[in-house]
Amino acid sequence: MVELSELEHDALVEIFNIGVGQAAAAMSGIVGEEVTMSVPSITFLSRSEAAQLLEQAHRRNGTAEARDDARICGVSQHYEGAFQTEAILMFPEDKSLEIVRLMVGESVPLDELTEMEQEAMSEIGNIILNSCVGTLANLFQHELHGSLPVYQVGSGDEILDATGARAETVVMMLHIDFILEKHQIHGYVAFILDVTALHDLKEQIDRYLARAMGQH
């Protein structure tokens, strides 16, 4: 696995915090209350470690009923350009309904809310993933083109499987704190990277750092 230096890692966290900051501003307009989002940590994991982390996080953050049925809501998009990756936004299913409730208001009945979940979560996924990837593309001065969002509900394993994450792929996991006035939601954005994409990412970070240092 490609190891990032502390400087490279810090630069990556900083880049993604810019991205989720832009996503938070867009989300604030949709839900009608202030949204702040941050990326406190980024980890590089194997495919099996990533699935395990999702299950553990789900059981820790979900409601008592949801813990028994560890279903995760995922929205994925495929990107190509500076490097190739499959990006997935993931929340425990009960939390995704909470976000949809904020988007559509309190008056919508639960059965209608569930029907709207796919469309609403796809929109949120599109906003957050494109903000993260768009910031990467701008800072790396390379284009990244995304597919339409795909919505799935299942276990962490099932969602990673659906994106074609193989045993040898590396998963770059961004822990996202999603804080609204009255709610705090923990989610993850995963980037599925093969060895080539990982090398490309490291190379782009080094170029970004070299330009940043050259300006000082």
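Parameters at a glance
Residues numbered from 1 in each chain as written. Predicted model: local features only at pLDDT ≥ 70, side-chain atom pairs only at ≥ 80, totals over all residues. Heavy atoms only, no water. Helix = DSSP H or I, 4+ residues; strand = E, 2+ residues; numbered from the N terminus. Rg over C-alpha atoms; globule rule 2.2 N^0.38 Å. Buried < 20%, exposed > 50% of the residue type's maximum accessible area, 1.4 Å probe, protein only. Contact = heavy atoms within 4.5 Å. Areas by Shrake-Rupley, 256 points an atom, 1.4 Å probe, with all protein chains shown as cover. Lys, Arg positive; Asp, Glu negative; His and termini not counted. Charge placed at Lys NZ, Arg CZ, Asp CG, Glu CD. Core = buried A, V, L, I, M, F, W, Y, C linked by side-chain atoms within 4.5 Å. Expected span 1.5 Å × (residues − 1). Phe/Tyr/Trp six-rings, centres within 6.5 Å; stacked < 30°, edge-to-face > 60°. pLDDT = per-residue confidence, 0-100.

**Examining the overall build of the protein**
At step 1: Each helix and strand in the protein was counted, giving 7 helices and 7 strands.
At step 2: Relative to the globule expectation of 17 Å for 216 residues, the C-alpha radius of gyration of the protein, 17 Å, shows essentially globular dimensions.
At step 3: Its C-alpha atoms give the protein principal-axis dimensions of roughly 55 × 35 × 30 Å.
At step 4: Expressed as a percentage of the 216 residues in the protein, the buried residues total 50%.
At step 5: Counting contacts in the protein only where the partners sit at least 6 residues apart, residues at least 24 apart contribute 72% of the total.
At step 6: As displayed, the protein has an accessible area near 10100 Å², and 50% of this comes from carbon and sulfur atoms.
At step 7: Side-chain charges of the protein comprise 12 positive and 35 negative groups, with the mean position of each set lying 3 Å from the other.

**A closer look at the environment of Val13**
At step 1: Its location among the elements puts Val13 in helix H1 (residues 6-31).
At step 2: Residues in contact with Val13, not counting those within four places in the same chain, are Val39 and Ile42.

**Comments concerning the nonpolar core**
At step 1: Grouped together as the largest cluster of nonpolar side chains are 58 residues, with contacts concentrated most on Leu12, Phe16, Met172, Phe178 and Phe191.
At step 2: In terms of residue count, the dominant contributor to this core is helix H5 (residues 110-140) (12 residues).
At step 3: Contacts of Leu12, omitting those with residues within four sequence positions, involve Leu4, Ile42, Phe44, Leu136, Met172, Leu201 and Ile205.
At step 4: Ranked by size, the runner-up nonpolar core spans 15 residues in total, among them Leu45, Ala57, Met90 and Tyr188.

**Focus: helix H4 (residues 93-104)**
At step 1: Its 12 residues place the ends of H4 17 Å apart at the C-alpha level, agreeing with the 16 Å of an ideal helix rising 1.5 Å per residue.
At step 2: Of the residues making up H4, those classed as buried are Lys95, Ser96, Ile99, Val100, Arg101, Leu102 and Met103.
At step 3: At the exit of H4 stands Gly105, carrying a positive phi of roughly 100 degrees.

**Some remarks on the packing of aromatic side chains**
At step 1: Per the stated rule, a full pass over the model turns up 2 aromatic pairs.
At step 2: With centroids separated by 5.5 Å and ring planes inclined at 35 degrees, the aromatic side chains of Phe16 and Phe191 adopt a geometry described as tilted. Linking Phe16 in helix H1 with Phe191 in strand E7 (residues 184-193), this pair joins segments that are 175 residues apart in sequence. Here the two residues Phe16 and Phe191 agree in accessibility, since each one is buried.
At step 3: Aromatic side chains Phe91 and Phe178 sit 5.6 Å apart centroid to centroid with 85 degrees between the ring planes, which places their arrangement in the edge-to-face category. Residue Phe91 is found in strand E3 (residues 85-92), and its partner Phe178 is found in strand E6 (residues 170-180); the two are separated by 87 residues along the sequence. Across the pair, Phe178 and Phe91 agree in class, each one buried.

**With respect to the confidence of the model for the protein**
At step 1: Model confidence for the protein is summarised by a mean pLDDT of 85, while 91% of its residues fall at 70 or above.
At step 2: Contacts from residues 63-67, a stretch scored under 50 in pLDDT, to residues over four places away or in other chains number 7 contacts.

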